[in-house]
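Working through the structure, step by step
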Amino acid sequence: MSYQQPTAFNFQQAGKNVLRIEREGLEQLDQYINDDFARACALIYACQGKVVVMGMGKSGHIGKKMAATFASTGTPAFFVHPAEASHGDLGMVSKNDVVIAISNSGESNEILALIPVLKRQHITLICITGRPDSAMGRVADVHLCVHVPQEACPLGLAPTTSTTATLVMGDALAVSLLEARGFTAEDFALSHPGGALGRKLLLHVADIMHSGDELPHVNRDASLRDALLEITRKNLGLTVIVDGLMKIEGIFTDGDLRRIFDMGIDFQRATIGEVMTPGGIRVRPNMLAVEALNLMQTKNITSILVADDDHLLGVVHMHDMLRAGVV
């Protein structure tokens, strides 16, 4: 698509100026990771309820992201719009909650109207503003300053550097709490069960393996013909050779079939025990599916046996990994 650039205007330079100004603003933020920051973290860590984040306009957008980050990293949280809070949504906030109120000026009328009610209910209030001497800064139980030297907007009107600084302060709170709680990747996956990470960290081999009637197996005295029929019926490209107690003795795959064509084997008389590959690579049912996938890729195989010691429990094929979204 063609476009016409304004005469003598350098878009690249304008973009780089924004990055420079916002970088400089974030460098200033380091001084505000101080005792107040530690107190805010301690209050949130000890919270018996939820973290309720509030903000108007652009601060509200940042607040929604902040609440989402808290919630996904072990700190239960949600966002309440201050204007809606004045018309009933404040009922979502309980005395055990901690409220984080965001306003760059610290003079948001919608939030200031709520503070007397919050104070009456003895709800802990953390305010994030760019002005410690603002109305919100003065009444907060803890004030976190996010003052920046200038906005990236050349008019100084559109919140840019200030919203970036607030976003980073929220991330600093959330990640500090994550570390303090000993929050793990598996904990993260529990709040993301529909995502790729959730599937990789929550799905075990037992969840996707073929078992029971779907499990291809024959005994070592079965004819080669019967073994091939079993491979065809179960459609996994292999059969496992087991004894009467389902103890694994070997494996035979489509690839093995191609190999024995050159061996002069008598297909009519040969038993599967004569041509099988002894053993077979196996994993335990409680192994993470992604770990089994890594093993399959390392060994360059498309199927893997699932066993408890030497007793066959199931088979997992690469296609099962694909269908489960592990790959």
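The protein is annotated in an unreviewed UniProt entry as Arabinose 5-phosphate isomerase from Candidatus Pantoea gossypiicola. UniProt annotates the protein under Sequence similarities (unreviewed entry) with the comment "Belongs to the SIS family. GutQ/KpsF subfamily." Reading the Catalytic activity (unreviewed entry) entry of the UniProt record for the protein gives the comment "D-arabinose 5-phosphate = D-ribulose 5-phosphate".

**Side note on the overall build of the protein**
Secondary structure summary: the protein contains 16 helices and twelve strands in total. For the protein, whose C-alpha radius of gyration is 31 Å, the value lies well above the compact-globule estimate of 20 Å for 327 residues. Its C-alpha atoms put the protein at 95 × 60 × 35 Å along the principal axes. Within the protein, the proportion of its 327 residues that are buried is 42%. Expressed as a percentage of contacts within the protein between residues at least 6 apart in sequence, the contacts between residues at least 24 apart total 64%. Carbon and sulfur atoms form 53% of the exposed surface of the protein, whose accessible area is close to 17500 Å². Treating the 28 positive side-chain charges of the protein as one cloud and the 36 negative ones as another, the clouds have centres 3 Å apart.

**Some words on helix α8 (residues 161-181)**
With 21 residues, α8 extends 30 Å from end C-alpha to end C-alpha; this agrees with the ideal 30 Å at 1.5 Å per step. Three or more residues of α8 are buried, namely Thr 161, Ser 162, Thr 163, Ala 165, Thr 166, Met 169, Gly 170, Leu 173, Ala 174 and Leu 177. As for α8, its buried residues are in contact with α1 (11-29), α2 (35-45), α3 (57-72), β3 (98-102), β4 (124-129) and β5 (142-145). Looking one or two residues beyond α8, the residue adopting positive phi is Gly 182, at roughly 70 degrees.

**Side note on the environment of His 217**
Mapping His 217 onto the fold places it in strand β6 (residues 217-218). Overall, His 217 belongs to the partly exposed group, its relative accessible area being 29%. Note: C-alpha distance between His 217 and Ala 227 (ten residues apart in sequence) is 8.0 Å. Apart from residues lying up to four places away in sequence, His 217 is in contact with Glu 230, Thr 239, Val 240, Val 242, Met 246 and Leu 312.

**Notes on the UniProt feature "domain: SIS" (unreviewed entry) in the protein**
If you check UniProt for "domain: SIS" (unreviewed entry), the listed places come out as residues 40-183 in our numbering. Overall, residues 40-183 shows 43% helix and 16% strand. The separation of its end C-alpha atoms is 19 Å.

Rules used throughout
- Residues numbered from 1 in each chain as written.
- Predicted model: local features only at pLDDT ≥ 70, side-chain atom pairs only at ≥ 80, totals over all residues.
- Heavy atoms only, no water.
- UniProt positions renumbered as here; feature names shortened; annotations may be inferred.
- Helix = DSSP H or I, 4+ residues; strand = E, 2+ residues; numbered from the N terminus.
- Rg over C-alpha atoms; globule rule 2.2 N^0.38 Å.
- Buried < 20%, exposed > 50% of the residue type's maximum accessible area, 1.4 Å probe, protein only.
- Contact = heavy atoms within 4.5 Å.
- Areas by Shrake-Rupley, 256 points an atom, 1.4 Å probe, with all protein chains shown as cover.
- Lys, Arg positive; Asp, Glu negative; His and termini not counted.
- Charge placed at Lys NZ, Arg CZ, Asp CG, Glu CD.
- Expected span 1.5 Å × (residues − 1).

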